[in-house]
Amino acid sequence: MRSHLATKRLSAYIDDELHDRELRLVESHISECSACRDRLHGLRLVVGELQRVPAAETPPTLAASIATEAGMRWGPGGPPVDRLLGRRGLALLRDMIQLSAITAGAMGIIAMLAAYGAAQDASRTTRETAAGEPAPAMPALDTAALHALAPGVAAAGEPESDESDRGRLDGDDPVASPVEVDLVVEAPAREQSSDVGEVGEDAGLRGALPGTE
Amino acid sequence: MSASQALAPPLTATRDWDLADRHRYGDESAFRELYDRFAPMVYNLCLRLSGDPSRAQDLSQEVFLRVFKGLPRYRGGSSLKTWIYSIALNHCRGRLGRRGLELTDWNEEDWSRGPADPARGPEGDLLARDGERRVAAALLTLPVRFREAVVLRDLEGLSYEEIAAVLRVRTGTVRSRIARGRERLRHLLESKA
């Protein structure tokens, strides 16, 4: 009695899912066996009918109901902003907003530093006026008075030298006159503030840029 | 396969990951894109498993909400298509139960909602639709495990490997289930002819 092919082989043959050896076996068998050929034909008809069944249309209200449940703004046709700008436009807008936020932050820091400097100037002028002395310009420093208060500074004779810096730090000595200490300490303090402002800005930008990508 | 599916660009692993990543970072257009791509597939699967358009809509909504919540955890281990099919299938099984899946009230009018084919003409279209309804009704009488496999293969067009990933069974099991499902359909349709 002649054996017949298993249905799963015939079915996989239709789907082209047989290995070479099985494929040769099936093709050889159906060329000789009319019963298996008929079964294969019947299965092909079924597959053909199944594949002709049209896909049902997605209900038009489905997108909106999902968006509502998920708490999203889009309904049919996508979010309004997306429709207006497209994906590239949306990405550009997002980058611009982030850049604006960074710029605003940097400007804020600069403004704070400027305000701090102005307040320091005003405070110094007030104290000088109260002491009855004119506000001297930096080159007009009284080196003799400095020498009396901080000998290291006058001995060096170079206000920008390391010794000078030490002298300035020494100016924090509570014995020193408040007016002159302010004068000496003020200039580097401002430079330092300015540097901090720039470094802070750069650091802010460096920290923010990866997040924008 | 519908025309929109045929026109859609193939989803590579990179694109799947990109879509999930954009969703993870709050880009709502990513989920919209995902919906547009997979809604027909999810809805049709729900319809073919539940047999009820209204129920299929509810099921589809629930499936997409699960996808919405789960997408941030998607790591690209399988394709997004397979991943979403798994969610849809498991959700339908859970919501409908074995009895709900097998004992379905079937309204033939609801099955064929596709556009009429002008090339067939009115009479040909009527006959074709009648045949489609007959097949669809017969499909619903199949045991769930065969129906799932046949629907995924012959109506959704998944490969054996994809079906194995969705059903979490071996490829040999997929082959067997598809074959048995088709064989039963063949008997059913021949007996009605």
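Remember, it's a predicted structure, so these values are computed and weren't measured experimentally. (Residues numbered from 1 in each chain as written. Chains lettered and ligands numbered in written order. Predicted model: local features only at pLDDT ≥ 70, side-chain atom pairs only at ≥ 80, totals over all residues. Heavy atoms only, no water.)

**Student:** Help me understand the overall build of chain B in this model?
**Tutor:** Check the secondary structure of chain B and you find 10 helices and zero strands. N-terminal to C-terminal, the α/β element order of chain B is α-α-α-α-α-α-α-α-α-α. Counting all 193 residues of chain B, 53% fall into the buried class. Counting contacts in chain B only where the partners sit at least 6 residues apart, residues at least 24 apart contribute 66% of the total. Of the roughly 9,100 Å² of accessible surface on chain B, 51% is carried by carbon and sulfur atoms. (Helix = DSSP H or I, 4+ residues; strand = E, 2+ residues; numbered from the N terminus. Buried < 20%, exposed > 50% of the residue type's maximum accessible area, 1.4 Å probe, protein only. Contact = heavy atoms within 4.5 Å. Areas by Shrake-Rupley, 256 points an atom, 1.4 Å probe, with all protein chains shown as cover.)

**Student:** Teacher, can you tell me more about the side chain of Thr-7 of chain A here?
**Tutor:** With respect to the secondary-structure elements, Thr-7 of chain A resides in helix α1 (residues 7–14). Every residue in contact with Thr-7 of chain A, bar those within four places of it in the chain, is listed here: Arg-39 and Leu-43 of chain A together with Ala-179 and Glu-183 of chain B.

**Student:** Honestly, the interface of chain B and chain A in this entry has me stumped. Any pointers?
**Tutor:** Interface size is commonly expressed as the accessible surface area that is lost when the partners come together. Opposite the 46 residues of chain B that make contact, chain A presents 42 residues. Regarding the contact of chain B and chain A, the summed buried area is about 4,000 Å², with carbon and sulfur atoms giving 59% of it. It is Glu-28, Arg-32 and Arg-175 of chain B that lose the most area in chain B upon contact with chain A, and together they represent 18% of the buried surface on that side. Counting across the chain B and chain A interface gives four salt bridges. Ionic pairing is found between Arg-182 of chain B and Asp-15 of chain A, a salt bridge with its closest N-O pair at 2.9 Å. (Buried area = accessible area lost by both parts, 1.4 Å probe. Salt bridge = Lys/Arg side-chain N within 4 Å of Asp/Glu carboxyl O.)

**Student:** Which parts of the structure should I look at to understand the nonpolar core?
**Tutor:** Inside soluble globular proteins, nonpolar side chains tend to come together where they are buried. The biggest cluster of nonpolar side chains holds 72 residues, and the ones touching the most others in it are Leu-34, Phe-64, Leu-80 and Ile-84 of chain B. Here this core gets 13 residues from one element, more than from any other, and that element is helix α3 (residues 28–50) of chain B. (Core = buried A, V, L, I, M, F, W, Y, C linked by side-chain atoms within 4.5 Å.)

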